[in-house]
Every structure is written in C-alpha cells, then in structure tokens.
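Secondary and tertiary structure notes
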Amino acid sequence: MKTMKSAMLAIAACATVAMPSAAAADPVIGNAENIRKLDIMLMVTSLRCRNGADNFQADYRKFSATHIATLNRAGRHLQSNLTHRHGSRGAKRALDKISVGMANEYGQGHPWLECAELKQVTRDLTAERDKTELSAAATQLLSNQPLGRWAAR
C-alpha cells in the first residue's frame, strides 16, 4: 500500500512538472494586469487626444470591440487573483487602485508616444489577432521608454 501511494505521488509530481501552468500557456492570463492596464491607457489617452487632429476614440472603440473576449478574460483573471490575495472587498479596492493609478498616470499623455502614434498603435493592435503579440505590446507600451515592435514608427 505504501509503495502504491509513493508511486501515485511520483506520477502526480511528474505530471505537475510536465504540465505548463495556465500563465505560461496563455499570455492573457500570464499578463492579465498589463492587458487591463493597456486597455485603460488606450482609453485614457484616446480621451486626452479627442479634441485634436489625431482623435482616435473610434479606433479605441474598434480595438475594444475586437479584443473584448481577451480583455474580459484578462479582467476576470486579474479579479480572481486579487480576490484570492485580498478577499472580495480588498480585491475591489485593489482593482480600483490599479484603474485610478493608470488613469492618473496617462491623463497627461503617454511618456513617449504622441496622439498620432497612439492612433496608429491602436489601429495596429486592432488588426493584431495573436494574443501573444497583444501581451507583448502591453508590456512594451506600458514601459517608460520605447522598445520593440510596438515603439513609435
């Protein structure tokens, strides 16, 4: 009996190691907070740019509609993680803090992209179907300096 139990534990341990985590298998889950922050950043900057020649609010709405399933999935995962860490009441506060922090951070604009560039990036992201690229774009666009494919073109 003891040998059988040891064998079952060994098999379970091997299966756990061999199985990729949900975060590794799905870039949306692995980068849920950045996906949510990307959405907020684009929304806030589209509002900031709405009165100029490079108004991209319509482009942001298309981005949001195109990626609604991905954005919702990231939001649900983020909410679940926050609930696990802070309880349901604490999770709501933590999510509000993230959202308000993003709105405040980008209310005066993006650190290295102007409205015209944000408009083009939003259009490019709308056309992007690869969730891995959306996740990479979130990481790059939220950094404090231009880097990678999603830097200003």
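Along each chain, numbering runs from 1 in the same order as the chain's sequence is written. Local features in a predicted model are, by the rule used here, given only for residues with pLDDT of at least 70; side-chain atom pairs are given and counted only at 80 or more, and totals for whole chains, interfaces and linings are based on all residues. The basis for the side-chain values is all heavy atoms of the structure; hydrogens and waters are excluded.

This part is about helix H4 (residues 32-48). Segments assigned H or I by DSSP are reported as helices when at least four residues long, segments assigned E as strands when at least two residues long, and all are numbered from the N terminus. In this scheme, a helix's expected span is set at 1.5 Å multiplied by one less than its residue total. An ideal rise of 1.5 Å per residue puts 24 Å on 17 residues; H4 measures up with 24 Å between its terminal C-alpha atoms. Each residue is assigned to one of three classes by its accessible area relative to the maximum for its type, calculated with a 1.4 Å probe on protein chains only: buried under 20%, partly exposed between the two thresholds, exposed over 50%. All of the buried residues along H4 are Ala32, Ile35, Leu38, Asp39, Ile40, Met41, Leu42, Val44, Thr45 and Ser46. In the core, the buried residues of H4 are packed alongside helix H3 (27-30), helix H5 (57-66), helix H6 (68-106), helix H7 (115-127) and helix H8 (131-141). Residue contacts are defined here by distance: any two heavy atoms, one from each residue, within 4.5 Å place the two residues in contact.

Moving on, we come to H7. Helix length check: H7 (13 residues) gives 18 Å between terminal C-alpha atoms against 18 Å at 1.5 Å per residue, within 8%. Among all positions of H7, only Cys115, Leu118, Lys119, Val121, Thr122, Leu125 and Thr126 are buried. Projected down its long axis, H7 carries its buried residues within an arc of 165°, all on one side. On its buried side, H7 packs onto H4, H5 and H8. Taken from the helix axis, the directions to the C-beta atoms give the arc we talk about.

Turning our eyes to something else, we now look at the packing of H4 against H6. Interhelical geometry of H4 versus H6 gives an angle of 30° and a closest axis separation of 8 Å. As far as their axial angle goes, H6 and H4 are roughly parallel. The handedness of the crossing between H4 and H6 comes out as right-handed. Across the interface between the two elements, Ala32, Glu33, Ile35, Arg36, Lys37, Asp39, Ile40, Met41, Val44, Thr45 and Arg48 from H4 touch Thr70, Leu71, Ala74, His77, Leu78, Ile98, Ser99, Met102, Ala103 and Tyr106 from H6. Lines fitted to C-alpha atoms define the axes, with helix axes restricted to the stretch in contact, and inter-axis angles between N-to-C directions lie between 0 and 180 degrees. Roughly parallel means an angle under 35 degrees; roughly antiparallel means over 145; roughly perpendicular covers 65 to 115; every other angle is labelled oblique. Handedness of a crossing is defined here by the sense of rotation of the near helix relative to the far one, left-handed for an anticlockwise turn of less than a right angle and right-handed for a clockwise turn.

This paragraph deals with the packing of H4 against H7. Packing of H4 against H7 leaves a shortest axis separation of 11 Å and a crossing angle of 135°. The orientation of H4 relative to H7 falls into the category oblique. Here H4 and H7 pass one another in a crossing that is left-handed. Between H4 and H7, the residues in contact are Leu38, Met41, Leu42, Thr45 and Arg48 and Cys115, Leu118, Thr122 and Leu125, respectively. Lys, Arg, Asp and Glu make up the charged group, whereas Ala, Val, Leu, Ile, Met, Phe, Trp, Tyr, Cys and Pro make up the nonpolar group; the residues left over, Gly among them, are polar. A breakdown of the residues in the contact of H4 with H7 according to their chemical character gives six nonpolar, two polar and one charged.

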